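Coordinate analysis (summary)
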Amino acid sequence: MQDRRWKKAITVGDVTICPKARQVLLNGKDVTLTGKEFDLLYFLVQHPNEVFSKEQLFEKIWSFDPIGDPATVTVHINRLRDKLKNAAGHPYEGIETVWGAGYRFHQD
């Protein structure tokens, strides 16, 4: 992590995000994400323990995309969890579903 891009990286728990490189590391292991998956994770990590509804996340992440609906958020959350699970080697519990309310990035 001597690269200058990592100078302003955000680390929350076992996740490190480099916004300039649009790169994510989980326990030091690179996680390849799509643009929207990255944006979604980055947004949630910037607001740890704060709950956002699907509608709020859709507005924040897809605000300039005229096609889609809030159900897209669920699909992207599931894909993001799968990719983090594969990188971790076990179910990743950092992104939580708050039933009836939305999603949050859990930080101890």
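**Let's talk about the side chain of T16**
Its place among the elements puts T16 in strand 2 (residues 15–18). Polar contacts involving the side chain of T16 include one to the side chain of T11, which spans 3.1 Å.

**Some words on the packing of helix 2 (residues 54–61) against helix 3 (residues 71–88)**
Axis separation between helix 2 and helix 3 bottoms out at 8 Å; the angle between their running directions is 85°. The angle between the axes of helix 2 and helix 3 places the two elements in the roughly perpendicular class. Residues K54, L57 and F58 of helix 2 form the contact with helix 3, whose participating residues are T72, V73 and T74. Tallied by class, residues from the contact of helix 2 with helix 3 come to 3 nonpolar, 2 polar and 1 charged.

**A few points about the sheet that holds strand 3 (residues 23–26)**
Strand order in the open sheet made by the 4 strands is 1-2-3-4, with antiparallel pairing throughout. Pairing within the sheet leaves two strands with one partner each, and these edge strands are strand 1 (10–12) and strand 4 (29–31). For this sheet, the mean angle separating the axes of adjacent strands, direction not counted, is 25°. The sheet contact formed by strand 1 and strand 2 spans 3 bridges and is antiparallel. Looking at the pairing, I10 lines up with I17 of strand 2. Running over the sheet, helix 3 touches strand 3 and strand 4 and is turned about 160° from strand 4.

**Some points on the pairing of strand 2**
Residues V15 and I17 point to one face of strand 2 and T16 and C18 to the other, with burial holding for every one of them. Pairing geometry for strand 2 and strand 3, over 4 bridges, is antiparallel. Paired with V15 across the strands is L26, a residue of strand 3. Linking two consecutive strands that pair antiparallel, namely strand 2 and strand 3, is a turn of 4 residues; a positive phi of about 50° is found at R22 within it.

**Some details on the side chain of S53**
Along the chain, the position of S53 falls in the loop between helix 1 (35–46) and helix 2. Those residues in contact with S53 that sit more than four places away from it in its chain are A101 and G102.

**Thoughts on the pattern of salt bridges**
All told, the structure shown has 3 salt bridges when counted by the stated rule. Residue R22 is joined to D39 by a salt bridge in which the shortest nitrogen-to-oxygen separation is 2.7 Å. With a gap of 17 residues between them, R22 in the loop between strand 2 and strand 3 and D39 in helix 1 connect regions that are remote in the sequence. K83 is the partner of E37 in a salt bridge, and the nearest nitrogen-oxygen pair spans 2.7 Å. Placement of the pair is E37 in helix 1 and K83 in helix 3, with a sequence separation of 46 residues. K83 gets classed as partly exposed once you look at its relative accessible area, which sits at 27%.

The rules behind the values
Residues numbered from 1 in each chain as written. Predicted model: local features only at pLDDT ≥ 70, side-chain atom pairs only at ≥ 80, totals over all residues. Heavy atoms only, no water. Helix = DSSP H or I, 4+ residues; strand = E, 2+ residues; numbered from the N terminus. Polar contact = N/O pair within 3.5 Å; in protein donor to acceptor, adjacent residues only side chain to side chain. Axes fitted to C-alpha atoms, helices over the stretch in contact; angles between N-to-C directions. Parallel < 35°, antiparallel > 145°, perpendicular 65-115°, else oblique. Contact = heavy atoms within 4.5 Å. Nonpolar A, V, L, I, M, F, W, Y, C, P; charged D, E, K, R; others polar. Pairing = 2+ DSSP bridges. Buried < 20%, exposed > 50% of the residue type's maximum accessible area, 1.4 Å probe, protein only. Salt bridge = Lys/Arg side-chain N within 4 Å of Asp/Glu carboxyl O.

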